[in-house]
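The primary structure of each chain is shown beneath.
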Amino acid sequence: MKRTAWVVAAALLAAPSASAAAADDGPGPLGTTVVASAGRPFARIGALFGADRAGRLAGGHFCTASVVHSPHHDLVVTAAHCLEGGDGTDLVFVPGYRDGKAPYGIWHVRRQFLPDGWAAGEDEDEDSDVAFAVLRPRGGREVEDVVGAYRFVAGTAVGATAVTLTGYPNAREAPVTCSNRPRARGATQQRLTCPGFTGGTSGSPWVNGDGEVVGVLGGHEQGGTTADVSYSVVLGREAAALYREAAADP
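Residues numbered from 1 in each chain as written. Predicted model: local features only at pLDDT ≥ 70, side-chain atom pairs only at ≥ 80, totals over all residues. Heavy atoms only, no water.

### Focus: the overall build of the protein
Phase 1: Within the protein, the secondary structure is distributed over 4 helices and 15 strands.
Phase 2: Burial analysis of the protein (250 residues in total) assigns 54% to the buried set.
Phase 3: Taking the contacts inside the protein whose residues are at least 6 apart along the sequence as the reference set, 70% of them involve residues at least 24 apart.
Phase 4: Just so you have it, the protein exposes about 9800 Å², and 50% of that area is on carbon and sulfur atoms. (Helix = DSSP H or I, 4+ residues; strand = E, 2+ residues; numbered from the N terminus. Buried < 20%, exposed > 50% of the residue type's maximum accessible area, 1.4 Å probe, protein only. Contact = heavy atoms within 4.5 Å. Areas by Shrake-Rupley, 256 points an atom, 1.4 Å probe, with all protein chains shown as cover.)

Next comes the structure, spelled out in structure tokens:
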């Protein structure tokens, strides 16, 4: 998990007007990190909290997740290391979280899906650091019907297009976002250079211009030990099979 302290020059977070662009269109020049604009289209990205923080959200988030399309409209994707250590039902997801507020509601996790090694509590496998959580409905509606969803896509060539990375650093109460082109790190990992992605950004989606999640911040060193370089598993057969299992959950 990203554990380094938050260190970013104020100029990076001055939020130029380009930061209002759609997440899958990119927030501005490649490699520049800005504060994500409030409201849509970043609403489908949110922060994870312990369920005991549902009544006092400010300062309590620890990872990032995003809504991905599924038949039941109730699925989010994050890093496996964000969900290990419990059954997931003690967690909540807050899409569009900002400044202690939940503009699209607080959604409780009903069930989580982790790769076999992570679920069994075995040695962590950095090449399997992707997981899904099924959310309970809220007020008779599913999360995807409220905020929309990205498509989860495995098998995309690394670096085929630029992607936009958006996540919640622990030390901030709003998400930051940056676009750049991923590069391969061996056959099973990919890396992205964007400043300011520190602790709390694990699980952040890598979204291409077609609105597809083609990476999830995690993997090597649980996402990286510096603020400037982030990693993701190359989404392949294992990730696709886990997605199908989670999406089919009744």
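Don't stop here, the text continues.
### Remarks on the nonpolar core
Phase 1: Counting residues in each nonpolar core, the largest one holds 29 residues, and the members touching the most others are Val 68, Leu 75, Val 77, Phe 132, Phe 152 and Val 213.
Phase 2: Listed by contribution, the elements that provide at least two residues to this core are β2 (45–50), β4 (75–78), β5 (91–95), β7 (131–135), β14 (212–216) and α4 (237–247).
Phase 3: With 5 residues, α4 is the largest single contributor of residues to this core.
Phase 4: Contacts of Phe 152, omitting those with residues within four sequence positions, involve Val 68, Val 77, Phe 132, Val 213, Leu 235, Ala 239 and Tyr 243.
Phase 5: With 23 residues, the next largest nonpolar core counts Cys 63, Ala 65, Ala 79 and Cys 82 among its residues. (Core = buried A, V, L, I, M, F, W, Y, C linked by side-chain atoms within 4.5 Å.)

### Some remarks on the sheet that holds strand β15 (residues 229–233)
Phase 1: One open sheet holds the 3 strands; their spatial order is β11-β12-β15, and the pairing between them is antiparallel. Looking at strand neighbours, the two that pair on one side only are β11 (183–185) and β15, the edges of this open sheet. Neighbour-to-neighbour, the strand axes of the sheet open up by a mean angle of 35 degrees, direction not taken into account.
Phase 2: By the bridge criterion, 3 bridges tie β11 to strand β12 (residues 189–193) in an arrangement that is antiparallel. Looking at β12, one finds that Ala 184 is bridged to Gln 190. (Pairing = 2+ DSSP bridges. Axes fitted to C-alpha atoms, helices over the stretch in contact; angles between N-to-C directions.)

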